[in-house]
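# What the coordinates show
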Amino acid sequence: MSNQNNRDEKAFNQAALDYHRQQPKGKIEVIPSKPHTSQRDLSLAYSPGVAIPCLEIEKDPKLAYEYTGKGNLVAVISNGTAVLGLGDIGAEASKPVMEGKGLLFKIFADINVFDIEIDEKDPDKFIEIVKGIAPTFGGINLEDIKAPEAFYIEQRLKEELTIPLMHDDQHGTAIISAAALINALEIAGKNIGDVKMVVNGAGAAAIACTKLYLELGLKKEHVLMCDSKGVISHTRENLTPEKLDFVRETELKTLEEATRGADVFIGLSKGNVLTPEMLLSMADNPVVFGLANPDPEIEYDLAMATRPDTIMATGRSDYPNQVNNVLGFPYIFRGALDVQATGINEAMKLAAVYAIAELAKEPVPEAVILTYNLKSLNFGREYFIPKPFDNRLITKVSMAVAKAAMESGIAGKPIENFDDYETALLDRMGRDEKLIRMMQNRAKANPKRVTLGNAEEYNVLKAAQILYEEGIAQPILLGDKKYIQEQMRKFGIELNVPIVDPASDEQEEKRKIYRDDLWKLRQRKGMNEYKAKKFVRQRDYFGPMMLRNGDTDALIVGFSKNYSSTLRPLLETIGKVKGVDKVSSMMMILTEKKPIFFADASIIQNPTAEDLVNIAKMAETVVKSFAIEPRIAMLSFENFAAISDTSKKVAKAVSILHEKYPNMIVDGEIQPDFAMDADHLSDYPFSKLGTTPANVFVFPNLESANLSYKIIRGMKVAQVVGPILMGLQHPVHVLQMRASVDEIVNLATIAVLDAQQRQEQ
């Protein structure tokens, strides 16, 4: 087991280096946000046109928010003195972490970030440097600065700057854990003013957390804070000013003594310091937050086995109730930036606390439940903090913070219409393949066996490694075993997964079973026993027969062959779902704002009106499985005119759909640019699409769909996933030729979800 753990750690370490090394370097980049293709564009962007806004800002500095990107730009600043669990590793070594924080700002709240690593440990010099660069930014997020300097630095900068500023290591954890505490105490049936609390840890986060709990109503005389030397009491000497704030008149000295009879344990220290005996000594329904990472102060399973009445949160994603700072900081800054707040005050922090706490009590959307592959999610002991991938956070928390800034008088630009603001926030969502992350989380909850054809190819092998290491799927490599192993050695890929060679002696018994099955299946369709015996030695037929006979849960083929030749063996071996006349396919296009879907992009060359009806129905089912409401546009080159033969065909399909499926959101014939634009749609008030743009596009023929998605793929303006086959009895999907590693991983993820869904049915 130890050797396996070492190999896993080595593989993960290498994957981390590869991830950061790949082009483009780093995790964030700067891209132009204005037109820049003509000489006129450049003259407006720079000289001489740029002088005009410069002069306006000189007259009124607040106009920087109107004429520059300042209002959506945050600096993530560190001196590298307290980086994650790595300690004082220096400014330059901290850069990957700061870039990572920038990535989270962008993907969760659409905030642009510059990461700034300052090689300065003197607090006063550090403060002067930050003050000097502050005019560039709309807000500043201090990160990974060691205590006690962090307290001094933040306090000085808050006093001397007039933009939102927060040290997330302190206040992020405080805000999220405070929201969790409110709900945990409600479940325990306890009042925060009455509870006795032990805080283990006395660093920046512990101090900030405890101070915020006091604002919620916790009584200071009910708090025992412990550091590595025990209880912070009147008998202790040489305490920092921050610790002096929490000195108690008590003879208690150890953590073991402090926990006796306590209602709440807050751990911000190190793993496995809270013993089962200490937990047993606590009051009924003990609230335990083990927030040390990666190992909590007491393991979740051990705590539950010791005290089933424990109400617990940790910092880990694999246990219920994860206290994760990403629930807070992106949205706190989002709200603060949007009202041009002059700071982040206590009212704004408390607003975030209550918004997060209340969100956990609301009915959970299906999309969130599907993300975590759960049957249900209801407020209670195992769910009292929202999940990080809950898209409602951006509206609930950002709006609450913005309102608090306005009510406390520090908003430079109050929001006039919160309905419009909510819409604007929702429009920011959907970036950076949130759907793919959601699907991968669902896949990890119940990974399935996925057989990958063309396994000797580097892209396929690398995808298999990712699927295996991330726990998305249980890969099976299909192909020439000796050659696959040679390629793995060549590329330095260590992967302990089955390799199935259809022509090897190992598969002789399987070939006999598959041969008989194939012959029986195709004997009245031109297949004799000799052909069946020959075909099952080929992976094109062996793979589908594995799937047909339950020796794999899903199959991914293609990569090196054209689509039609890859598809033929599948159609000959994998039967259609009952009621499906023709198999179809759909492409998922991951745009910057939201996913859209193209059907049929690969199979039915010239669909009839009836074929279009079936394609639309199958597309609706698949899109719903991703927890997305399908809004289907039946495309043509005319808008509700039906003059050409193509448009007449599409109009007939729409008529059938409206009659047979009145609840479907589908309409046409319509041009794609009109179907994607709310203003254009408003010209057709009779349409079932209303004024909300379509997200599913059913094309009138194969050529138009295929060319459209391949142009998008070639331009690299969006990631393309698929084709997703629709209408077959088993989960099998076909790669595009020379698919990228990400495309293979994404299609395999969809195959896992497909297998999960069929198993449930």
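Here the structure is shown first, and the text comes after it.
My aim in this report is to walk through the structure given alongside it, one point at a time. The structure displayed is predicted, hence computed values, not measured ones.

## Description of the packing of helix α26 (residues 609-625) against helix α27 (residues 645-660)
Between α26 and α27, whose axes approach to 8 Å, the crossing angle comes to 55°. For the element pair α26 / α27, the angle class is oblique. α26 and α27 meet at a crossing whose hand is right-handed. Contacts between α26 and α27 involve Ala-609, Glu-610, Leu-612, Val-613, Ala-616 and Lys-617 from the first element and Lys-649, Val-650, Lys-652, Ala-653, Ile-656 and Leu-657 from the second. For the contact of α26 with α27, the class distribution of residues is eight nonpolar, no polar and four charged.

## A short note on the sheet that holds strand β2 (residues 112-117)
Strand order in the open sheet formed by four strands is β2-β1-β3-β4, with parallel pairing between adjacent strands. Of all the strands in the sheet, just β2 and β4 (165-167) have a single pairing partner and so form its edges. Ignoring which end each strand starts from, the neighbouring axes of this sheet average 20° apart. Inspection of the sheet shows strand β1 (residues 73-78) paired to β2 by six bridges, in the parallel sense. Of the residues in β2, the one forming a bridge with Leu-73 is Asn-112. Here helix α5 (residues 95-109) sits on the sheet and contacts β1, β2 and β3 (139-142); the angle it forms with β2, its principal contact strand, is near 165°.

## Observations concerning the nonpolar core
With 88 residues, the main nonpolar core has Ile-175, Leu-181, Val-287, Phe-289, Met-348 and Val-397 as its most contacted residues. For this core, the leading source of residues is helix α8 (residues 168-188), giving 10 residues. Once you skip the residues sitting within four places of it in the chain, Val-287 turns out to touch Leu-181, Ala-184, Leu-185, Ala-188, Asp-263, Val-264, Phe-265, Met-282 and Ile-311.

## A look at unusual backbone geometry
Most peptide bonds take the trans configuration, and most residues that are not glycine carry a negative phi. Across the junction of Asn-293 and Pro-294, the peptide omega takes the value 5°, indicating a cis bond. For Pro-294, the location among the structural elements is in the loop between β9 (287-290) and α13 (300-306). Here Gly-668 and Glu-669 are connected by a cis peptide whose omega angle stands at 0°. Within the secondary structure layout, Glu-669 lies in strand β18 (residues 666-670). Although it is not a glycine, Asp-144 adopts a positive phi angle of roughly 55°.

## Points about the packing of aromatic side chains
Tallying each qualifying case throughout the model produces 17 aromatic pairs. A ring pair is formed by Phe-105 and Phe-333, whose centres lie 5.5 Å apart and whose planes are at 80°; its orientation type is edge-to-face. Of this pair, Phe-105 sits in helix α5 while Phe-333 sits in helix α14 (residues 329-338), and the two are 228 residues apart along the sequence. You can call Phe-105 buried: its relative accessible area is 0%. With a centroid separation of 5.0 Å and 85° between ring planes, the pair formed by Phe-640 and Phe-686 is classed as edge-to-face. Of this pair, Phe-640 sits in the loop between β17 (632-635) and α27 while Phe-686 sits in the loop between α29 (678-681) and β19 (696-698), placing them 46 residues apart in sequence. Look at Phe-640 and you get partly exposed, because its relative accessible area is 22%.

## Quick word on empty space enclosed by the protein
Within the structure shown, the criterion is met by one cavity of 30 Å³ or more. Estimated volume of the largest cavity: approximately 140 Å³. Residue assignment for the lining of the largest cavity shows that the elements contributing at least two residues are α24 (539-548) and α25 (563-573). Per-class residue counts for the lining of the largest cavity are four nonpolar, five polar and three charged.

## Re α27
For α27, spanning 16 residues, the distance from its first C-alpha to its last is 23 Å, which sits close to the expected 22 Å at 1.5 Å a residue. Every buried residue belonging to α27 is among Ser-647, Lys-649, Val-650, Ala-653, Val-654 and Leu-657, and all of these are buried. All buried residues of α27 fall inside an arc of 160° around its axis, so they share one side. More than 90 degrees from the buried face of α27, the exposed residues found are Asp-645, Glu-659 and Lys-660. On its buried face, α27 is in contact with α26, β17 and β18.

## Observations concerning the sheet that holds strand β5 (residues 197-200)
Taken in spatial order, the six strands line up as β7-β6-β5-β8-β9-β10 in an open sheet, and their pairing is mixed. Edge positions in the sheet fall to β7 (230-231) and β10 (311-314), since each has one partner strand and no second. Here four bridges tie β9 to β10, and the two strands are oriented parallel to one another. By the bridge assignment, Phe-289 is partnered in β10 with Ala-313. Packing of α8 onto the sheet brings it into contact with β5, β8 (264-267), β9 and β10, and relative to β9 it is tilted by some 155°.

## Description of the state of the cysteines
All chains considered together, the criterion is met by zero disulfides. Note on Cys-226: no disulfide assigned, nearest cysteine sulfur contributed by Cys-209 at a separation of 15 Å. A relative accessible area of 1% places Cys-226 in the buried class.

## Details of helix α17 (residues 393-407)
If you check α17, its first and last C-alpha atoms are 21 Å apart, about what 15 residues at 1.5 Å a residue would give, namely 21 Å. By the criterion of burial, α17 is predominantly enclosed, with 11 of the 15 residues buried. When α17 is considered as a whole, its buried residues turn out to be Leu-393, Ile-394, Thr-395, Val-397, Ser-398, Met-399, Ala-400, Val-401, Ala-402, Ala-404 and Ala-405. For α17, the secondary structure elements touched by its buried residues are α5, α14, α15 (346-359) and α18 (418-427). Immediately downstream of α17, the backbone of Gly-409 shows phi near 80°, a positive value.

Each value, and the rule that gives it
Residue numbering note: each chain is counted from 1, following its sequence as written. With pLDDT at 70 or above as the cut-off, local features in this predicted model cover only qualifying residues; side-chain atom pairs require 80 or more to be listed or tallied, and sums for whole chains, interfaces and linings still use all residues. Side-chain calculation: all heavy atoms of the structure are included, whereas hydrogens and water are not. For every element, the axis is a line fit to its C-alpha atoms; helices are fit only across the contacting stretch, and the angle between N-to-C directions ranges from 0 to 180 degrees. Under the DSSP-based scheme used, a helix requires at least four consecutive residues in state H or I and a strand at least two consecutive residues in state E, with every element numbered from the N terminus. The labels follow the angle: roughly parallel below 35 degrees, roughly antiparallel above 145, roughly perpendicular from 65 to 115, and oblique for the rest. Each crossing gets its handedness from the near helix: less than a right angle anticlockwise from the far helix is left-handed, clockwise is right-handed. Only heavy atoms matter for contacts: two residues are in contact if any of them lie within 4.5 Å across the pair. In the scheme used here, Gly and all other residues not listed as nonpolar or charged are polar, with Ala, Val, Leu, Ile, Met, Phe, Trp, Tyr, Cys and Pro taken as nonpolar and Asp, Glu, Lys and Arg as charged. When DSSP locates at least two bridges between a pair of strands, those strands are taken to pair. Residues grouped as a nonpolar core are buried Ala, Val, Leu, Ile, Met, Phe, Trp, Tyr and Cys residues, joined through side-chain atoms within 4.5 Å. Each residue is assigned to one of three classes by its accessible area relative to the maximum for its type, calculated with a 1.4 Å probe on protein chains only: buried under 20%, partly exposed between the two thresholds, exposed over 50%. Only Phe, Tyr and Trp rings take part, Trp by its six-membered ring, and two of them pair if their centres are within 6.5 Å. Stacked means planes under 30 degrees apart, edge-to-face means over 60, and tilted covers everything else. For cavity detection a 1 Å grid was placed over the protein atoms alone, and a set of points counts as a cavity when a 1.4 Å probe fits there but cannot get out; an open set counts as a pocket when protein lies on both sides within 12 Å along at least five of seven lines, with lining residues being those that have an atom within 4 Å of a point. Grid points are joined across faces, edges and corners, and a volume is the space filled by probe spheres set on the points. The span one expects for a helix is its residue count, reduced by one, times 1.5 Å. Working note: the arc is built from the helix axis to C-beta atom directions. For the purposes of this analysis, a disulfide is any pair of cysteine sulfur atoms at a distance within 2.5 Å.

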